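One letter stands for each residue in the lines below.
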Amino acid sequence: MPYTYDDQNIFAKILRGEIPNKTVLETEHSLAFHDIGPQAPVHVLVIPKGPYVSYDHFAREASDAEILDFTRAVGKVCEMTGVTLDEGQGFRAISNAGAHGVQEVPHLHIHILGGRRLGKMLQPE
Ligand code: AMP
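Residues numbered from 1 in each chain as written. Predicted model: local features only at pLDDT ≥ 70, side-chain atom pairs only at ≥ 80, totals over all residues. Heavy atoms only, no water.

1. Considering the site of the ligand
Our working definition: Nearness here has a simple test: a residue counts as near a molecule or strand if at least one of its heavy atoms is within 4 Å of that partner. Polar contact is the term for a pair of N or O atoms within 3.5 Å; when the atoms are in protein, one must be able to donate a hydrogen and the other to accept it, and sequence-neighboring residues count only if both atoms are side-chain atoms. Methods summary: accessible areas were calculated by the Shrake-Rupley approach with a probe of 1.4 Å, and residue burial reflects only the protein chains presented. Any residue with an atom within 4 Å of a point lines the site, the site being either a cavity, points on a 1 Å grid over the protein atoms alone where a 1.4 Å probe fits but cannot get out, or a pocket, an open set with protein on both sides within 12 Å along at least 5 of 7 lines. Cavity and pocket membership follows a simple rule, namely that a molecule belongs there if more than half of its atoms are within 2 Å of the grid points.
Residues in close proximity to the ligand total 15 residues, the closest being Asp35, Asn96, Glu104, His109 and His111. Within the contact set of the ligand, an oxygen atom lies 2.5 Å away from a side-chain nitrogen or oxygen of Asp35. Within the backbone of Glu104, a nitrogen or oxygen atom sits 2.7 Å from an oxygen atom of the ligand. Computed on the free molecule, the ligand has an accessible area of 510 Å², of which 86% lies beneath the protein chains in the complex. Here the ligand is seated within the largest pocket.

Next comes the structure, spelled out in structure tokens:
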């Protein structure tokens, strides 16, 4: 089943420079920026520059170079924000997808959350 990418989503607009963002890291294939509504002291979103809706879409269709770049960008953001297990006290990486995942923005993003104890993973709606 092919995925349909909506190029009017807010992260596509950020990638085109149409709306501003607080950039943490930019690489050849990825961009990381602060979440506009942080849920924790550290709340950074890491996105691929390519038009991927969700993690499974990316894993299926992205090139090896994009996947390597994105994975390294996630790790680099963890280092830059001080949440790694060697320098900090850990983090949670979340990628919501679709209706059940309660995804608001249909462009793949990984939330990197940390800077405090985050509590149980799932809460009732
Ligand atoms: P999700 O529910 O996983 O799709 O999360 C979307 C996230 O994008 C939310 O945490 C929002 O706060 C965040 N967000 C929405 N618009 C912006 C924006 N312009 N800049 C940064 N983060 C945003």
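Once you've had a look at it, read on.
2. Re the layout of surface pockets
Selection criterion: Grid points are joined across faces, edges and corners, and a volume is the space filled by probe spheres set on the points. Counting from the N terminus, the helices are DSSP H or I runs at least four residues long and the strands are E runs at least two residues long. The classification used treats Ala, Val, Leu, Ile, Met, Phe, Trp, Tyr, Cys and Pro as nonpolar, Asp, Glu, Lys and Arg as charged, and all other residues, Gly among them, as polar.
Approximately 1,300 Å³ is the volume found for the largest pocket. Around the largest pocket sit 36 residues that line it, and Asp35, Gln39, His43, Asn96 and His111 are the ones nearest its centre. Of all the secondary-structure elements, those providing two or more residues to the lining of the largest pocket are α1 (10–15), β2 (30–34), β3 (42–48), β4 (91–94) and β5 (110–114). Of the residues in the lining of the largest pocket, the class split is 17 nonpolar, 12 polar and seven charged. Space inside the second largest pocket adds up to approximately 280 Å³. Considering the residues around the second largest pocket, the lining is formed by 13 residues, among which Gln89, Gly90, Arg116, Arg117 and Leu118 are closest to the centre.

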